[in-house]
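# Structural overview
Residue-level listing of the chains:
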Amino acid sequence: MEVVVCFKQAVNEGEIKVDKGSKKIILDGVPTKISEFDRNAVEEAVRLKEQYGGRVTAVTVAPPEASKVVKEVLAMGCDQAVHLSDAGYNDSDSYGTALIIASAIKKIGKFDLVLCAEGSSDIYSSQVGPSIAEALDLPQITYARKITVAEGRVRAERTAEEGVEQVEAPLPCLVTVSSEINSPRLPTLVQIMAASRKPVLRWTPSELGLDSAPIGANSNVRLKKVEALTVERKGVFIQGDSSSEVVENLARTLLKEGVLK
Amino acid sequence: MTYSEDFETEKEILKAASQISGGAPVAAALVGQEVRPRATELIEHGADQVFVAEDASLAQFNVETYVGTLESAAAQFTPAVILLGATRRGRELAPRLATRLKTGCVADCINLRVEEDQLTMDRVVYSGKAVASLVCTSRPVVCSVKPHVFEKERKEGRRGEVVALDLKVRDPRSKVTGGHERPTAKVNLSEAKIIVSVGRGMKKKEDIALIRDLANVLGGEVGCTRPLSSDLGWLSEEHHVGISGMSVKPHLYLAIGISGQLQHVVGMRDSRVVAAINIDKDAPIFAASDYCVVGDLYQVVPALTKSFKQMLNK
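Report follows, based on the coordinates. Everything numeric here is computed off the predicted structure, so don't read it as measured data.

## Considerations on the packing of aromatic side chains
In total, this model carries five aromatic pairs over all chains according to the counting rule given. Ring-pair connections join several aromatic residues into one group, and the members of that group are Y3(B), F61(B) and Y66(B). We note K107(A) situated over the ring of W203(A); from NZ or CZ to the ring centre the distance is 5.5 Å. We note R88(B) situated over the ring of Y143(A); from NZ or CZ to the ring centre the distance is 4.1 Å.

## Quick look at the side chain of D122(A)
Looking at the secondary structure, you find D122(A) in the loop between β8 (113-117) and α4 (128-135). Here the side chain of D122(A) touches V11(A) through a polar contact of 3.2 Å, landing on its backbone nitrogen. Beyond its immediate stretch of four places on either side in the chain, D122(A) contacts K8(A), A10(A), V11(A), E13(A), V125(B), Y126(B) and S127(B).

## Overview of the interface of chain B and chain A
Taken together, the contacts link 89 residues of chain B with 76 residues of chain A. Summed over both sides, the interface of chain B with chain A buries roughly 7400 Å², with 55% coming from carbon and sulfur. Of all residues in chain B, R88(B), Y126(B) and Y291(B) bury the most surface against chain A, accounting for 11% of the area lost on that side. Connecting chain B to chain A are ten salt bridges. For the salt bridge of R100(B) with E134(A), the shortest nitrogen-to-oxygen distance reads 2.6 Å. Across the chain B-chain A interface, the total number found is 53 residue pairs in polar contact (both at pLDDT 80 or more).

## Here's the deal with helix α6 (residues 243-257) of chain A
The end-to-end C-alpha separation of α6(A) is 21 Å, in line with the 21 Å expected for 15 residues at 1.5 Å each. Among all positions in α6(A), only V246(A), V247(A), L250(A), A251(A), T253(A) and L254(A) are buried. One face of α6(A) carries all of its buried residues, which in axial projection span an arc of 160°. Close packing links the buried residues of α6(A) with β14 (252-256), β15 (273-278), β16 (291-294) and α8 (297-311) of chain B. Backbone geometry just after α6(A) places G258(A) at a positive phi near 75°.

## Describing the environment of T57(A)
All names here are of chain A. Position of T57 among the secondary structure elements: in strand β6 (residues 55-61). A C-alpha to C-alpha distance of 8.6 Å links T57 and I108, two positions 51 residues apart in sequence. Within the structure, the side chain of T57 is placed 3.0 Å from the side chain of Q80, a separation counted as a polar contact.

## Things to note about the environment of N188(B)
Residues and elements named next belong to chain B. As for its position among the elements, N188 is in the loop between β11 (175-181) and β12 (194-198). Sequence spacing of N188 and V248 is 60 residues, and the spatial spacing of their C-alpha atoms is 9.7 Å. A distance of 2.5 Å separates the side chain of N188 from the side chain of S190, its partner in a polar contact.

## A short note on the pattern of salt bridges
Under the criterion given, the structure shown has 40 salt bridges over all chains. In this structure, E118(A) and R226(B) form a salt bridge, with 2.9 Å as the shortest nitrogen-oxygen distance. Of the two residues, E118(A) sits in the loop between β8 and α4 while R226(B) sits in helix α6 (residues 226-231), which places them in two different chains. Overall, the relative accessible area of 14% leaves R226(B) in the buried class. For the salt bridge of E8(B) with K152(B), the shortest nitrogen-to-oxygen distance reads 2.7 Å. Separated by 144 residues along the polypeptide, E8(B) in helix α1 (residues 7-20) and K152(B) in the loop between β9 (141-145) and β10 (161-164) bring together distant segments of the chain.

## Describing the sheet that holds strand β7 (residues 118-125) of chain B
The strand order β14(A)-β8(B)-β7(B)-β6(B) describes an open sheet built from four strands, whose pairing is antiparallel. Of all the strands in the sheet, just β14 (221-228) of chain A together with β6 (111-115) of chain B have a single pairing partner and so form its edges. Across the sheet, the axes of successive neighbouring strands diverge by a mean angle of 30°, strand direction being ignored. The sheet contact formed by β6(B) and β7(B) spans five bridges and is antiparallel. Paired with V114(B) across the bridge in β7(B) is L119(B).

## Topic: the nonpolar core
With 37 residues, the main nonpolar core has L254(A), L214(B), L218(B) and F308(B) as its most contacted residues. Of all elements in the fold, only α6 of chain A together with β12, α5 (208-218), β13 (221-224), β14, β15, β16 and α8 of chain B reach the threshold of two or more residues within this core. In terms of residue count, α5(B) provides more of this core than any other element does, six residues in total. For L254(A), the contacting residues outside a window of four places in its chain are V259(A), L260(A), L252(B), L254(B), V273(B), A275(B), Y291(B) and F308(B).

## Section: the environment of Y126(B)
Along the chain, Y126(B) turns up in the loop between β7 and β8 (130-136). Residue Y126(B) is classed as buried on the basis of its relative accessible area of 12%. Placed 136 residues apart in sequence, Y126(B) and L262(B) show a C-alpha to C-alpha distance of 8.6 Å. Sequence-distant contacts of Y126(B), that is, excluding residues within four places in its chain, are made with V11(A), E13(A), I16(A), I25(A), L27(A), D122(A), I123(A) and L262(B).

Cut-offs applied
- Residues numbered from 1 in each chain as written.
- Chains lettered and ligands numbered in written order.
- Predicted model: local features only at pLDDT ≥ 70, side-chain atom pairs only at ≥ 80, totals over all residues.
- Heavy atoms only, no water.
- Phe/Tyr/Trp six-rings, centres within 6.5 Å; stacked < 30°, edge-to-face > 60°.
- Lys NZ or Arg CZ within 6 Å of the ring centre and 35° of its normal.
- Helix = DSSP H or I, 4+ residues; strand = E, 2+ residues; numbered from the N terminus.
- Polar contact = N/O pair within 3.5 Å; in protein donor to acceptor, adjacent residues only side chain to side chain.
- Contact = heavy atoms within 4.5 Å.
- Buried area = accessible area lost by both parts, 1.4 Å probe.
- Salt bridge = Lys/Arg side-chain N within 4 Å of Asp/Glu carboxyl O.
- Expected span 1.5 Å × (residues − 1).
- Buried < 20%, exposed > 50% of the residue type's maximum accessible area, 1.4 Å probe, protein only.
- Arc of directions from axis to C-beta.
- Pairing = 2+ DSSP bridges.
- Axes fitted to C-alpha atoms, helices over the stretch in contact; angles between N-to-C directions.
- Core = buried A, V, L, I, M, F, W, Y, C linked by side-chain atoms within 4.5 Å.

Fair warning: the whole summary comes from geometry, so function is off the table for now.
Next comes the structure, spelled out in structure tokens:
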């Protein structure tokens, strides 16, 4: 089975600082990591390969510094990676990113399954997966928590608003996975070292036929501004001489606040 | 043009549409089987035109057939903006529709406004640390709008046109082969005035009874963090508060045994008052709370329930 798994580098949002005065968020120097849910997607891709045989190609649109994250997914068990780091890809919106990845997947050749995370940990728009599916004219299954493949079809269990659904579709298909699907492995030292010997392919926008595509600086969706979201809370620690007094004080405080019926 | 497979959400986004249309006509899409009778209600909530797509093959939501249907509606109405409800289904439909129409898409909008002739869309980013304002230069602009952000508005007797969509529904490749609704009563956290929410401080599923007791005394609803609904399945998705779950705005939010990860806190940030109980004095939840109690929930919660019972004469 040929599996393509998409992943990206995300900012470690816990480390983002806020300038309280100007309400600006400070992204400079914030460490990056692989987007959390992408680890689940990569893990699932590798498990499918281990179960059904085949090859896993990991694809990312990320700056050159993301080579660290590329090594991580190779260490988890992907056979090769495609690292699209040309400056012409920078600041692409979801649609642009999907066009880039779809073009890369076409260049990789035959594939059976494309896996993505349900969304990225820092932006969580959940758009790139479905856009890739449309661009490649694939059926799509989202929020999958379990995947099996048999007789050229993929069967998945997914969570919709009102409960769990069993869905199936013919291959090739795109599936976005939720974090409930698996626990991602931590690569061993041997696997990490072997990762440096695995191929990493790179293609420019021209090589992907994207010279006049709405990607990078020509993306349709543009960011006008980002403002920190600050909610001021009182942060009052309820005191008391005994735990029962603390409980009483809390109850009385909430009553005074007028939030009880 | 608006669409949501959730009827209530569609009424909300019709309000959003009227706020940005600047007087231009607003259309709503109605898709399914035998759905035409609902058109009047959509007109009363702000639709000038309702495009009805009725077919047995559309009875169940399927992203492939619904994308084709909305594409047909868009071809007929030629909207400048298409608003979809940001339900799970809406969130997988919107980007696919946008890509079909070769245009950009913005997900989970919490605010829409027209600035300098441009539609500006706000959404939460970085797990709740910031709000990004975005514009789209291509047409139509496609975006999904978060449910429970806009208030639907009904004007009885409002007039509008109902148009039957002429369409050829392509056979979808994906099929739903089964499913089960979680056997819990319908819960609507978005309307709740009091929410008692629980996280991983809970040691086992049966202990949720403690939380339910407190919620019942207060006349509130039970909420939870993602691990309890999605990973452990102790509570259904409807109880899940957070960036990939519900956004709530109760008068009181009680966060019990919840560490306070950003992804959860962003879902409850609009609460009027937040109180938290956690055994760890350094838990991040306390920075996001008005009132903080450091203690073991297994002692504090029953005691609090008793206290409220007496106080509220229940």
